[in-house]
Amino acid sequence: MKCPKCDNVDLMNLLGQLDFCPSCQGTWFDKGETAKYFSLEQDLPDLESSLKTAQQRGQVCPRCSAELQELKYDVNQDLLLDRCTKCEGLWFDAEEVDKLMKMENDKEDALSRIARLKEKLRKDRGQTE
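About the thresholds
Residues numbered from 1 in each chain as written. Predicted model: local features only at pLDDT ≥ 70, side-chain atom pairs only at ≥ 80, totals over all residues. Heavy atoms only, no water. Helix = DSSP H or I, 4+ residues; strand = E, 2+ residues; numbered from the N terminus. Rg over C-alpha atoms; globule rule 2.2 N^0.38 Å. Core = buried A, V, L, I, M, F, W, Y, C linked by side-chain atoms within 4.5 Å. Buried < 20%, exposed > 50% of the residue type's maximum accessible area, 1.4 Å probe, protein only. Contact = heavy atoms within 4.5 Å. Pairing = 2+ DSSP bridges. Patch = residues over 30% accessible without salt bridge, like charges linked within 9 Å, V, L, I, M, F, W, Y side chains within 5 Å. Areas by Shrake-Rupley, 256 points an atom, 1.4 Å probe, with all protein chains shown as cover. Salt bridge = Lys/Arg side-chain N within 4 Å of Asp/Glu carboxyl O. Phe/Tyr/Trp six-rings, centres within 6.5 Å; stacked < 30°, edge-to-face > 60°.

Peer 1: Teacher, can you tell me more about the overall build of the chain here?
Peer 2: A tally of helices and strands in the chain yields 3 helices and 7 strands. Ordering the α and β elements of the chain from the N terminus gives β-β-β-α-α-β-β-β-β-α. The globule rule puts the C-alpha radius of gyration for 129 residues at 14 Å, and the 18 Å found for the chain is more than 25% above it. Reported as C-alpha extents along the three principal axes, the dimensions of the chain are approximately 70 × 30 × 20 Å.

What follows is the structure, encoded as structure tokens:
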């Protein structure tokens, strides 16, 4: 497979499944792999909303040679990814993997705080009732 960003650079296989460009350090995730490796429910949080932001950039999918579209990972965030219109894989530029990890960690922290608050409120109500 060839890198969609670099001319004629072969992608290297990492971790048995992920494909990595040694030149630009981008990573290709086949459909479902983003969810798997980032422990998400699905590759994109709201595919329908993300597709509304999609733009053609003239790049081709390293997996199936269909066209890639640049779209927002989440319409409320500034992370842009490239998604194949056919096989639905995702291309992450080098800094985008770290950005998604940070976004998801921050999100998880917020959810954990909410869960603790809900548990505290439940216990407080139980003690006063």
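From this point, things continue past the structure.
Peer 1: Would you explain the nonpolar core in this entry?
Peer 2: In globular proteins that are soluble, nonpolar side chains generally tend to be buried together. Ranked by size, the top nonpolar core spans 15 residues in total, and within it Phe-29, Phe-38, Tyr-73, Leu-79, Leu-81, Phe-92 and Leu-100 carry the most contacts. Counting residues per element, this core draws most heavily on helix α3 (residues 94-128), which supplies 3 residues. When sequence neighbours within four positions are dropped, the list of residues in contact with Phe-29 reads Leu-18, Thr-34, Tyr-37, Phe-38, Gly-89, Leu-90, Phe-92 and Val-97. Ranked by size, the runner-up nonpolar core spans 11 residues in total, among them Val-9, Cys-21, Ala-66 and Leu-68.

Peer 1: Teacher, can you tell me more about the pairing of strand β4 (residues 55-60) here?
Peer 2: Successive residues of a regular strand alternate their side chains across the two faces of the sheet. Sheet analysis places β4 next to strand β5 (residues 67-72), joined by 3 bridges and oriented antiparallel. Note that in β5 the partner of Val-60 across the bridge is Glu-67. Turn length for the β4-β5 hairpin, with the two strands adjacent in sequence and antiparallel, is 6 residues, and the turn residue Ser-65 shows positive phi of about 70°.

Peer 1: I would appreciate a short explanation of a nonpolar patch on the surface in the present structure.
Peer 2: On the surface, a nonpolar cluster with roughly 290 Å² of combined accessible area is contributed by Met-12, Leu-14 and Leu-15. Counting through the fold element by element, Leu-15 comes out in the loop between β1 (12-14) and β2 (18-20).

Peer 1: Got a minute to help me understand the packing of aromatic side chains in this structure?
Peer 2: The geometry of an aromatic ring pair is captured by two quantities: the separation of the ring centres and the angle between the planes. All chains considered together, the criterion is met by 4 aromatic pairs. Pairing Phe-29 with Phe-38 gives two aromatic rings, centres 5.8 Å apart and planes at 45°, and the pair type is tilted. For Phe-38, a relative accessible area of 13% gives the class buried. Each ring, one from Phe-38 and one from Phe-92, has its centre 5.9 Å from the other, and the planes form 20°; the classification is stacked. Taken together, the residues Phe-38 in helix α1 (residues 33-38) and Phe-92 in strand β7 (residues 90-92) connect sequence positions 54 residues apart.

Peer 1: Could you clarify how one ought to interpret the pairing of strand β6 (residues 80-84) in this entry?
Peer 2: β6 sits mainly inside the fold: 4 of its 5 residues count as buried. In this structure, β5 lies alongside β6, joined through 5 bridges in antiparallel fashion. Across the sheet, residue Gln-69 finds its bridge partner in β6, namely Arg-83. Summarising the sheet, β6 and β7 pair through 2 bridges and their orientation is antiparallel. Bridging from a neighbouring strand, Arg-83 pairs with Leu-90 of β7.

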